Amino acid sequence: MKMHSKVIIFLIGTAYIYNQVLAQVEDIYSGELMVESNVTLEAQTVLSALSTGDLSVSDSNGVTYTVKIVSSEMVAECLIIGNESNCSCSAGYLWSNDVCYSYNCCSPTPCLRNVSYTTPLCVSAVNVTINGSVQSSNTLDSALTTAFQKLNALVYVNITGPRTVSLPNILYIMDFEVLVNVRLNSSKFQDILNGLQSTLTATIFVDTVGMVTIDAPKTQVCYLSEPELRCTFEEPTDSAGWNLTTANERFELNDGSVVKQNTTCATGNYRSCIGVKLVKVTGIWKGIYECGFTVGSIRHTARAGLDVALLPDVITMKANPLTADCTQTKPVLITVTTEISPGDGIYNVMWIYNGVSEIGHFKNSKATNYSLNYSINCEGLTGTLVYINITFTNIMGQTKSARMDIPVIPAGAPSCKEDTVDYWPKTPGGGTVINQSCPDGKVGFRSRTCEGSVWQPVFSNCVSKELSKVSESADNFLKGLGATSEVAKDIFEGLKNSSLSNSGSDMADIGASINVLQIMAMASNQTELKDNIFPDFVSAASNMLNGTWSEVNNTIRYKMSSEYLTSVDGLVKNIKVNQSNEFNSTNLDLKFCQRNNCSVSVFDIGVNMNKTDGILKTVAVKNLMSKLKNTFNGMPSDITNLVLSATLDNNSDSTIQIRVNFPSGRTSPTQFHCVFWNTTMKEWSDEGCNVSISDGNRTVCQCNHLTAFSVLMSKNDISDPILDIISDVGLGVSICSLVIFLIIECLVWSAVVKSNLSHFRHTAIVNIATFLLLADICFLASSKPETLPENWCFILTICKHLFYLAMFCWMLCLSVMLVHQLIFVFSPLRKRVFMFLSSILGYVCPILIVGTSYVYYKYTNSPYYKKETCWLVFDKLLVGSMHAFLLPVGTIVLTNLFSMIVVMVTLLKTSVPDSSKADDKDTAKSILKVVIFLTPVFGVTWIVGFFQLMLKETDSMFKTVTYIFTILNSFQGLFILLTGCFGEQKVREELLKIIMGKSKGNDSTKKFTSTTYTKDN
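Just so it is clear, the structure is predicted and the values come from calculations on it, not from any experiment.

With that settled, the discussion passes to the overall build of the protein. Scanning the protein from N- to C-terminus turns up 19 helices and 52 strands. Across the 1017 residues in the protein, those meeting the buried criterion constitute 46%. Long-range contacts, defined here as pairs at least 24 residues apart, represent 67% of the contacts in the protein between residues at least 6 apart. In the form shown here, the protein has an accessible surface area of approximately 50,300 Å², with 55% of it arising from carbon and sulfur atoms.

And the structure:
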């Protein structure tokens, strides 16, 4: 008698439901139920019994739960009669890999082996496609077919080829496609591939589709939104990654400013996971996303599309004409064209005039070019600018706008004439014209500003097309789009080729090249760069320094040079070094040291450092120092021509000491400073660095940190807190004293001015005080040059130069007038003549000296002033704009000294004058006292300053002379108050009367008599 048994396996879905006070939670589970019976049992009977109600189940800890079966279906059925077995999978299910590879039941037919206790027995049918290629010296189609027949649930094997490749040996390449209806067993499939590669000496590349689950947005996402995608795989894998395929290109994705990958999302069921979040997506992120998990030589993939509600990434607007000429008050017809980046976006487009009036629109447009003709009504138009907006609205209701500014020339307003050379139209004063056209081979724009009625130089932002493509690739690299070492090499190769074609004077190209360096330096913090980019990087960076960069102003040049230095330093630090030793070019010398005791030389800079591990990277840079802002402690400094950047990679030392030996290039004694470039403050600092040895020919620096180093040489490093206090206090006292002096002069003028001579004297001294007051105010305003904009520094330098010269010129007027009055007693100077001549000498001459000196230095391309000091330039004796001040002042001081001698000799020979000349004699004596006192104060002060410039800091007298100069120069206003007011008897008496408050009658009489002047002769 044979024993009959029947095994039925069901796939059951259960729900475990429990209630809480505030919420109801439902957990869904699935599992297999095997029913074994030795009698005839129909599957439908079991299914009916399972669906009758709730069931009680217990977990491994003995806890009982109530569950409800929500769905069930039969997966497999086995009929076992004695030793014979007949198992089959239900429709939609196939034998599992365990059954196939353990019992050789791999086809959809019934299995005659007793597999009923295998778990899982049957699995859901899925389509898994295997695509790959084989490279071998032999054709392998039969071997491939035989090997793939071992796969479970095989549907078909298609092989195409072979095609041949002409190498040193003929190579056959065959492509294949395999379809199976179950998920692959990766280890078994890898064994098949390994066997093929070993026995047939072949290289096989394989991708699968259908093994990986991908979750992606099912609907269109908004522009600038942050969508997330995630892929999961049941098996552990070696690596994972993402790719994006757009209409024209395929990119590998890596972490960047937009791409944020997540590799920590694996779970117990899905042992491999990779997610990606895209930050603020634009049109370039629309496409097919593919994730891939690599196990051995197999890559399991899944794909999903991401649809972005597009808006134009780039909007370019042009106007013709560029300006609106309303001088005739007639309407001006303007044609505005707009071009947007290509794409398949559908937009509603609206034109708006001056932000208020809608002047045109398009609905559901797919065009990439738009044009508008609009007539600007000049009547009643106020202001010198109108603008036209264009707004694009996508299907999600999001908008993006661009604006075209059109300068307007009102009737009677100043304007710049049309320049037909490069087509710069007539433009209103204060307006800026943007011209979107560039020379052939370049892209970008040019702009030009009209100040008053004078055209300013053209600012060009036109860069070469090749460099523009490199910049675009660098931008994508930073975002994480195509951020691979191969792409990085292409970027630096393109940068090198672009720099070779640049003469060094095209500042737009140089600025764009520095921007590429800056972008790649930021990207190198996230993406590893290999040392195969060093040759192109070093060559490109060197070529950027060939020019002087004099085509841009100091502010732009300082910014560019700082960004250049920071970028080069960052790239050298982050690029991984394998076996490289050194790279050099005209302006860069790069060397590496992996020894513990490092001693290298780059551009004659010696570098010594002891370390326990890691790689020391040193790069010396020429022709950069002259482009940086070279101030130290607020003072201008002479420079060497070299900057050294030193960085450590993979080092674990807690403290470091580096010794740098710079060639100074100076034989005369000079104070040297070891400094590093502070990337935050964008200036030099000596924190952590000391001068170890300095003998004039070389300077040895000892530092406890790594960065970009150099040596500064100061002639006037006299920063002294005591001197600063003396200077600030002295200027404050002088300004107050001069204000008091001028107030007193106003109060006593009518009482003390009784003759032409006294009128001459007080006119001169008031002008001296006024110009000194203005000069001191300007000096105080420029005491912190580093905080001032460059144009203000220039204005204050001009003012100080002018006011100090005017002060000395009025002193010359005073001394010359005194000599004339004493020598030519019977030919007194007329008041009108004095005022005319003194006005020319005191007003016109200083203006002419300042104006001609500025024009001379501007058109000889020599600096008129130093931004670091807001004062004139002194290079050496008879070299520098300082001599436009020192020479006139020296001449005046010598003249005053000569006048004093003449006056004293004349007074000694002259007898006592009669009583009618008593007032003139008193006036002459007071003038003599003033001249004798003021000439040393004003003249000797600047002679002391000039003497200080000639001294070396090592001289014993240097500090003493510096203190004398500071004290005399700061308290000049106080000396004028003491000698011009309190040292003058008549002024003291009149001031005392005002203070004591004389009777109104006496005051009125006094005022009446004091206003009687000596009649002009």
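Past the structure itself, the notes keep going.
Looking at the protein as a whole, its pLDDT mean stands at 83, while 85% of the residues score no less than 70. A low-confidence stretch, residues 14-25 (pLDDT under 50), is modelled with 29 contacts involving residues beyond four sequence positions or located in other chains. In this model, residues 911-916 is a region of pLDDT below 50 whose contacts with residues beyond four sequence positions or in other chains number 2 contacts.

For the structure shown, the criterion picks out 26 aromatic pairs. Ring centres of Tyr-353 and Tyr-374 lie 4.8 Å apart, and the angle between their planes is 40°; this geometry places the pair in the tilted category. Of the two residues, Tyr-353 is situated in strand S23 (residues 347-353) and Tyr-374 in strand S25 (residues 369-376); the sequence distance between them amounts to 21 residues. Summarising the aromatic geometry, the rings of Phe-794 and Tyr-854 are spaced 5.2 Å apart at their centres and angled 50° between planes, so their arrangement reads as tilted. Separated by 60 residues along the polypeptide, Phe-794 in helix H12 (residues 790-823) and Tyr-854 in helix H13 (residues 831-859) bring together distant segments of the chain. One aromatic cluster is present, formed by Phe-492, Phe-534, Phe-537, Phe-583 and Phe-592 through successive ring pairs. If you follow Lys-622 out to its NZ or CZ, it ends over the ring of Phe-603, 4.4 Å from the centre. Between the NZ or CZ atom of Lys-627 and the centre of the ring of Trp-549, over which it lies, the distance is 5.3 Å.

This paragraph deals with the sheet that holds strand S26 (residues 385-393). The strand order across the open sheet formed by 5 strands is S21-S27-S26-S23-S24, and the pairing between neighbours is mixed. One side of each edge strand has no neighbouring strand; the edge strands of this open sheet are strand S21 (324-325) and strand S24 (357-365).

Because each turn of an α-helix spans 3.6 residues, side chains separated by three or four positions end up pointing in the same direction. In this model H13 runs 41 Å from its N-terminal to its C-terminal C-alpha over 29 residues, within 8% of the 42 Å that 1.5 Å per residue would give. Of all the bends found along H13, the most pronounced is centred on Val-844 and spans about 35°, while Pro-846, a proline, follows it within four residues. Looking only at H13, the buried set comprises Phe-834, Ser-838, Gly-842, Pro-846, Val-850, Ser-853 and Tyr-857. One or two steps after H13, the chain reaches Asn-861, where phi turns positive at roughly 55°.

Per the counting criterion, the structure on display carries 13 disulfides. Here Cys-89 connects covalently by a disulfide to Cys-122, the sulfurs 1.9 Å from one another. Here the disulfide of Cys-89 and Cys-122 is left-handed, its torsion about the S-S bond being about -80°. On the criterion of sequence distance, the pair formed by Cys-89 in strand S5 (residues 84-89) and Cys-122 in strand S7 (residues 122-124) is long-range, its members being 33 residues apart. Given the relative accessible area of 4%, Cys-122 is considered buried.

Attention shifts here to the packing of helix H6 (residues 485-500) against helix H7 (residues 507-523). The geometry of H6 relative to H7 is characterised by a closest axis approach of 11 Å and an angle of 160° between their N-to-C directions. Judged by the inter-axis angle, H6 sits roughly antiparallel to H7. Taken as a pair, H6 and H7 cross one another with a handedness that is left-handed. Taking contact as the criterion, the partners of Ala-488, Ile-491, Phe-492 and Leu-495 in H6 are, on H7, Ser-513, Val-516, Leu-517 and Met-520. For the contact of H6 with H7, the per-class residue count stands at 7 nonpolar, 1 polar and no charged.

Looking now at the sheet that holds S25. The strand order across the open sheet built from 3 strands is S20-S22-S25, with neighbouring strands paired in antiparallel fashion. Of all strands in the sheet, those bounded by a partner on one side alone are strand S20 (315-320) and S25. Looking at each pair of strands side by side, their axes are set apart by 20° on average, direction ignored. When S20 meets strand S22 (residues 332-340), the two strands line up antiparallel, connected through 6 bridges.

Here we take up the nonpolar core. Counting residues in each nonpolar core, the largest one holds 75 residues, and the members touching the most others are Phe-148, Trp-242 and Trp-285. In terms of nonpolar packing, the next biggest core, distinct from the first, is built from 58 residues, Leu-467, Val-538, Val-577 and Trp-677 among them.

In terms of burial, strand S46 (residues 671-678) is largely enclosed, as 7 of its 8 residues are buried. The pairing of S46 with strand S47 (residues 683-685) spans 3 bridges and is antiparallel. In the strand pairing of S47, Asn-678 is matched with Glu-683. Taken together, S46 and the strand that follows it, S47, pair antiparallel across an intervening segment of 4 residues, in which Lys-682 is found at a positive phi of about 55°.

Next up on the list: unusual backbone geometry. Put simply, Thr-119 and Pro-120 share a cis peptide bond, and its omega is -10°. Across the junction of Asn-320 and Pro-321, the peptide omega takes the value 0°, indicating a cis bond. As for its placement among the helices and strands, Pro-321 is situated in the loop between S20 and S21. The backbone of Asn-364 shows a phi angle near 50°, a positive value even though the residue is not glycine. Residue placement: Asn-364 occurs in strand S24.

The subject of this paragraph is the pairing of strand S4 (residues 64-81). Taken together, the 5 bridges between strand S3 (residues 54-58) and S4 define a ladder with antiparallel strand orientation. Bridge pairing links Asp-54 to Lys-68 in S4. Adjacent in sequence and paired antiparallel, S3 and S4 are bridged by 5 residues, among which Gly-62 carries a positive phi angle near 85°. Sheet topology places S4 next to S5; 6 bridges connect them, and they run antiparallel. Across the sheet, residue Ala-76 finds its bridge partner in S5, namely Cys-89.

All right, on to the pattern of salt bridges then. Per the counting criterion, the structure on display carries 19 salt bridges. Salt-bridge contacts for Asp-509 lead to Lys-442; the nearest nitrogen and oxygen are separated by 3.4 Å. Taken together, the residues Asp-509 in helix H7 and Lys-442 in strand S31 (residues 442-443) connect sequence positions 67 residues apart. Relative accessible area serves as the criterion here: at 7%, Asp-509 is assigned to the buried category. Between Lys-559 and Glu-563 there is a salt bridge, and its shortest N-O distance comes to 2.7 Å. In this pair, Lys-559 and Glu-563 both sit in helix H9 (residues 554-574), 4 residues apart, roughly one turn of the helix. With a relative accessible area of 18%, Glu-563 lands in the buried category.

The grouping of Glu-252, Glu-486, Asp-490 and Glu-493 at the surface amounts to a negative patch. Here Glu-252 lies in strand S15 (residues 250-253). The exposure class assigned to Glu-252 is partly exposed, which follows from its relative accessible area of 39%.

Cut-offs applied
Residues numbered from 1 in each chain as written. Predicted model: local features only at pLDDT ≥ 70, side-chain atom pairs only at ≥ 80, totals over all residues. Heavy atoms only, no water. Helix = DSSP H or I, 4+ residues; strand = E, 2+ residues; numbered from the N terminus. Buried < 20%, exposed > 50% of the residue type's maximum accessible area, 1.4 Å probe, protein only. Contact = heavy atoms within 4.5 Å. Areas by Shrake-Rupley, 256 points an atom, 1.4 Å probe, with all protein chains shown as cover. pLDDT = per-residue confidence, 0-100. Phe/Tyr/Trp six-rings, centres within 6.5 Å; stacked < 30°, edge-to-face > 60°. Lys NZ or Arg CZ within 6 Å of the ring centre and 35° of its normal. Pairing = 2+ DSSP bridges. Expected span 1.5 Å × (residues − 1). Bend = angle between axes of the 7 residues up to and from the residue. Disulfide = S-S within 2.5 Å. Axes fitted to C-alpha atoms, helices over the stretch in contact; angles between N-to-C directions. Parallel < 35°, antiparallel > 145°, perpendicular 65-115°, else oblique. Left-handed = near helix turned anticlockwise from the far one by under 90°. Nonpolar A, V, L, I, M, F, W, Y, C, P; charged D, E, K, R; others polar. Core = buried A, V, L, I, M, F, W, Y, C linked by side-chain atoms within 4.5 Å. Salt bridge = Lys/Arg side-chain N within 4 Å of Asp/Glu carboxyl O. Patch = residues over 30% accessible without salt bridge, like charges linked within 9 Å, V, L, I, M, F, W, Y side chains within 5 Å. Lys, Arg positive; Asp, Glu negative; His and termini not counted. Charge placed at Lys NZ, Arg CZ, Asp CG, Glu CD.

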